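# Coordinate inspection notes
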Amino acid sequence: MPAKDSMTGKQKAAMLLISLGPDVSAQVYKYLSEEEIEKLTLEISNVRKVDSTTKDNVLEEFHQIAIAQDYISQGGIGYAKSVLEKALGEDESMQIINRLTSSLQVKPFDFARKADPAQILNFIQNEHPQTIALILSYLESEQAGQILSELPQEVQADVAKRIAVMDSTSPEIVNEVENILEQKLSATVTQDYTEAGGIEAVVEVLNGVDRSTERTILDSLEIQDPELAEEIKKRMFVFEDIVTLDNRSIQRVIRDVENEDLQLSLKVSSDEVKELVFNNMSQRMSETFQEEMEFMGPVRLRDVEESQTRIVAVIRRLEEAGEIVISRGGGDDIIV
């Protein structure tokens, strides 16, 4: 059996679950993804024997990390470090915090995600757009959306673009910005480059702003970077998001899209989406649709995705024309 310090995180997790026993481990599995379950099960199957020393060390490490995580949830990483230093000394407390930030991926700006958006806005509104983009990319999407909505219009598109094209930021820069934003936070991040931002990040942020702000930002991006603007638009609303539409809007979408596109899209959709769409059809149309879908047979994923893309394009066109309303964070004007 390898020494505790030479074991990987997966090996320690497997060791922990073996030590906890099948009943407790089964409860833990309920909170894991299928991929995580597969990896852990494979790791557990490779363990032949757990000696008592290794078992005790792994359990002790888990206990320390659990306590540190509890301290972090109470007052942030700085508070946890301070409490652990008094109990265990500086060296051991730093080791625990380092293991915690590495194994549990405690993200920078944890304190900011608990702060009021207005307070953050007050601090960052005069900062360089790149600094603002970095901070917003680490916040919750609703938080970031509120802040982005309140920034000057001439800055909004620039910040949104910087979030979208952001790749990796060195831990030194993250630390510097984080410490400026909150001096009392003593954050320790791993020396791996921290990834934040990207297309998905800016889409999440834009989904949290009001429709007017979104339109202003996208209009500006279309001038600055048409390809980026188009890529963001494609991801702003996906077919499964049809469940956020009201019944009147869904009925309008059904009338405007091609039946073949709708049938293909529903073929692989969730039961929730199917039920919602069928409930907004006449009984005869619903029965006909379902019969035709049964006789459709296997479908290619590419064909389904193309059909869903065409339907999403219709939905966005109807919204832009004021014919339907897509619910958004940050408030929206209702068109009657």
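In this text the structure is predicted, and so the values were computed from the model without any measurement.

### Some points on the overall build of the protein
- Check the secondary structure of the protein and you find 18 helices and two strands.
- Across the 336 residues of the protein, 42% fall into the buried class.
- Within the protein, contacts between residues at least 6 apart in sequence are counted, and of these 74% link residues at least 24 apart.

### Details of the pattern of salt bridges
- Inspection of every chain in the model, using the stated rule, returns six salt bridges.
- Residue Arg-162 is joined to Asp-158 by a salt bridge in which the shortest nitrogen-to-oxygen separation is 3.0 Å. Note that Arg-162 and Asp-158 are positioned in helix H9 (residues 153-165) at a spacing of four residues, about one turn of the helix.
- Relative accessible area serves as the criterion here: at 23%, Asp-158 is assigned to the partly exposed category.
- The partner of Asp-256 in a salt bridge is Arg-252, and the shortest N-O contact between them spans 3.0 Å. With Asp-256 and Arg-252 both in helix H14 (residues 247-256) and four residues apart, the pair spans about one turn of that helix.

### A word on the packing of H14 against helix H18 (residues 301-320)
- Taken N-terminus to C-terminus, the directions of H14 and H18 make an angle of 125 degrees; their axes are 10 Å apart at the nearest point. On the basis of the axis angle, H14 is oblique to H18. Here H14 and H18 pass one another in a crossing that is right-handed. Residues Arg-252, Val-253 and Asp-256 of H14 form the contact with H18, whose own contacting residues are Ile-311, Val-314, Ile-315, Arg-317 and Leu-318.

### Digging into the confidence of the model for the protein
- Summarising the model, the protein shows a mean pLDDT of 75, and 71% of its residues fall at 70 or more.
- The secondary-structure element of the protein with the lowest mean pLDDT is strand S2 (residues 194-195), recorded at 48, while H14 shows the highest, at 93.
- Scored below 50 in pLDDT, residues 184-195 makes 34 contacts in the model with residues more than four places away or belonging to other chains.
- Counting interchain partners and residues more than four positions distant, the pLDDT-below-50 stretch residues 329-336 has 14 contacts.

### Points about the packing of helix H6 (residues 117-124) against helix H8 (residues 141-150)
- It is at 9 Å that the axes of H6 and H8 come closest, and there the two elements cross at 50 degrees. Between H6 and H8, the interaxial angle falls into the category oblique. The crossing of H6 and H8 is right-handed. In this structure, H6 contributes Pro-117, Ile-120, Leu-121 and Ile-124 to the contact, and H8 contributes Gln-143, Gln-146, Ile-147 and Glu-150.
- Along the lines of polarity and charge, the residues of the contact of H6 with H8 split into five nonpolar, two polar and one charged.

### Considering a negative patch on the surface
- Together, Asp-56, Glu-60, Glu-90, Asp-91 and Glu-92 make up a region of like negative charge exposed at the surface.
- Put simply, the parts of the chain that give the negative patch at least two residues each are helix H4 (52-88) and helix H5 (90-103).
- With three residues, H5 is the largest single contributor of residues to the negative patch.
- Its place among the elements puts Asp-56 in helix H4.

### Some words on the nonpolar core
- Ranked by internal contacts, the top residues of the largest apolar core, which has 35 residues, are Leu-136, Leu-148, Val-159, Val-202, Leu-206 and Ile-232.
- If sequence neighbours within four positions are ignored, Leu-136 has contacts with Ile-124, Ala-144, Ile-147, Leu-148, Val-159 and Ile-163.
- Listed in part, the 23 residues of the second largest apolar core include Leu-245, Ile-250, Met-281 and Ile-324.

Thresholds, definitions, all that
- Residues numbered from 1 in each chain as written.
- Predicted model: local features only at pLDDT ≥ 70, side-chain atom pairs only at ≥ 80, totals over all residues.
- Heavy atoms only, no water.
- Helix = DSSP H or I, 4+ residues; strand = E, 2+ residues; numbered from the N terminus.
- Buried < 20%, exposed > 50% of the residue type's maximum accessible area, 1.4 Å probe, protein only.
- Contact = heavy atoms within 4.5 Å.
- Salt bridge = Lys/Arg side-chain N within 4 Å of Asp/Glu carboxyl O.
- Axes fitted to C-alpha atoms, helices over the stretch in contact; angles between N-to-C directions.
- Parallel < 35°, antiparallel > 145°, perpendicular 65-115°, else oblique.
- Left-handed = near helix turned anticlockwise from the far one by under 90°.
- pLDDT = per-residue confidence, 0-100.
- Nonpolar A, V, L, I, M, F, W, Y, C, P; charged D, E, K, R; others polar.
- Patch = residues over 30% accessible without salt bridge, like charges linked within 9 Å, V, L, I, M, F, W, Y side chains within 5 Å.
- Areas by Shrake-Rupley, 256 points an atom, 1.4 Å probe, with all protein chains shown as cover.
- Lys, Arg positive; Asp, Glu negative; His and termini not counted.
- Charge placed at Lys NZ, Arg CZ, Asp CG, Glu CD.
- Core = buried A, V, L, I, M, F, W, Y, C linked by side-chain atoms within 4.5 Å.

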